[in-house]
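Here are the chains, one letter per residue:
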Amino acid sequence: MKLEWMGEYRDVVEAIIGVANIYNQIYNYKVFSDPSGKILLTANEVQIIEYIYENEERNDNMSEVARRLSISQSTFSKKVKQLVQKGLLERYCTVSNKKNIVIKISETGKQFYANYITGQQTDVWREMFARLDKLDKESIDTFVEALTILRKSMTHTSESKSIGPEDTLIRLD
């Protein structure tokens, strides 16, 4: 049975689902390494380094970075702790509020990222960007808006796991 509600966008939905499923498979596997093979990172950890590196001048606190990456605060804190232990990130606090933690990328982290982008990732993204170059700016902006709507919907779904006040609990044991 063909699902009519997707209409002409079935291929787009399938492509997004395919990317999400593959990403989910590699999300927590340590598949990215430095040239020595001593530092192994997950895709999620590389994303954290990439975001912090690109936005370092913003001095976002940990909560803001976690929110912008759509990562739970607890998961983000654990990942940052691991990346600090590996020498890839550095933690700072503000003088006025020691709980306001700001993350910066270390020199080791910058070198790791430089090696990462000169590897196969550059080739993969270059090929995708070549396809996107065929679109005008308005089409790309519209596609980003569509993905943002999808992201908000998925964020809402992931946040709705909690039990609401109207729910009744039933003892299982």
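This structure is a prediction, so every number in the text was calculated from the model and none was measured.

*Asks:* Quick question: what am I supposed to make of the overall build of the protein chain here?
*Replies:* Scanning the protein chain from terminus to terminus reveals seven helices and four strands. Traced from its N-terminal end to its C-terminal end, the protein chain shows the element sequence α-β-β-α-α-α-β-β-α-α-α. Taken across its 173 residues, the protein chain has 22% of its residues classed as buried. For the protein chain, the exposed surface amounts to about 13200 Å²; the carbon and sulfur share of it is 56%.

*Asks:* Mind showing me how you'd approach the pattern of salt bridges here?
*Replies:* It is possible for side chains of opposite charge to pair when their charged atoms get near one another. Inspection of every chain in the model, using the stated rule, returns seven salt bridges. Across the pair Lys79 and Glu45 runs a salt bridge whose closest N-O atoms are separated by 3.9 Å. Within this pair, whereas Lys79 is found in helix H4 (residues 73-85), its partner Glu45 is found in helix H2 (residues 43-54), the two being separated by 34 residues in sequence. Under the relative-accessibility criterion, Lys79 is labelled buried at 11%. With relative accessibility at 0%, the residue Glu45 sits in the buried group. Here Arg58 ties to Asp60 by a salt bridge, and the two come within 3.1 Å at their closest N and O atoms. Taking the relative accessible area as the measure of exposure, Arg58 reaches 37% and is therefore partly exposed. Three or more residues are tied together by salt bridges with common partners; here these are Lys30, Glu45 and Lys79.

*Asks:* Please explain unusual backbone geometry as it appears in this structure.
*Replies:* Generally, phi is negative for residues other than glycine and the peptide bonds are trans, each holding for most cases. One non-glycine residue, Asn59, lies in positive phi territory at about 55°. Mapped onto the elements of the fold, Asn59 is located in the loop between H2 and helix H3 (62-68).

*Asks:* Looking at this structure, I do not really get the nonpolar core. What am I missing?
*Replies:* A general feature of soluble globular proteins is that nonpolar side chains tend to end up buried together. Among the nonpolar cores identified, the biggest contains 24 residues, and Leu41, Ile49, Phe76, Leu89 and Phe112 are the most heavily contacted of them. Those elements that place two or more of their residues in this core are H2, H3, H4, strand E4 (101-105) and helix H5 (107-118). Considering every element that reaches this core, the biggest residue donor is H2, with six residues.

*Asks:* What should I look at first to understand the packing of H2 against H4 in this one?
*Replies:* Geometry of a packed helix pair, given as the angle between the helix axes and the separation of the axes. Following both chains from N to C, one finds H2 and H4 inclined at 80°, their axes separated by 11 Å at the closest point. Taken together, the axes of H2 and H4 are roughly perpendicular relative to one another. Of the residues in H4, those touching H2 at Asn44, Glu45, Ile48 and Ile49 are Phe76, Lys79, Gln82 and Leu83. Considering only residue class, the contact of H2 with H4 consists of four nonpolar, two polar and two charged.

About the criteria used
- Residue indices begin from 1 for each chain and proceed along its sequence in written order.
- Thresholds applied to this predicted model are a pLDDT of at least 70 for local features of residues and 80 or more for the giving and counting of side-chain atom pairs; totals over whole chains, interfaces and linings are not thresholded and use all residues.
- Computation of side-chain values: all heavy atoms of the structure, hydrogens and water removed.
- Each helix is a run of DSSP H or I of at least 4 residues and each strand a run of E of at least 2, with the numbering of both proceeding from the N terminus.
- Whether a residue is buried, partly exposed or exposed follows from its accessible area with a 1.4 Å probe, protein chains only, as a fraction of its type maximum: under 20%, in between, or over 50%, in that order.
- All accessible areas in this document rest on Shrake-Rupley with a 1.4 Å probe, and a residue is counted as covered only by the protein chains that are shown.
- Think of a salt bridge as a Lys or Arg side-chain nitrogen and an Asp or Glu carboxyl oxygen that are within 4 Å of each other.
- By convention a nonpolar core is built from buried Ala, Val, Leu, Ile, Met, Phe, Trp, Tyr and Cys residues, the set being connected through side-chain atoms within 4.5 Å.
- Fitted lines through C-alpha atoms give the axes, limited to the stretch in contact for helices. The angle between two N-to-C directions lies from 0 to 180 degrees.
- Between 65 and 115 degrees an angle is taken as roughly perpendicular, under 35 as roughly parallel, over 145 as roughly antiparallel, and anywhere else as oblique.
- Any two residues whose heavy atoms approach within 4.5 Å are treated as being in contact.
- Each residue gets one label: Ala, Val, Leu, Ile, Met, Phe, Trp, Tyr, Cys and Pro are nonpolar, Asp, Glu, Lys and Arg are charged, and the others, such as Gly, are polar.

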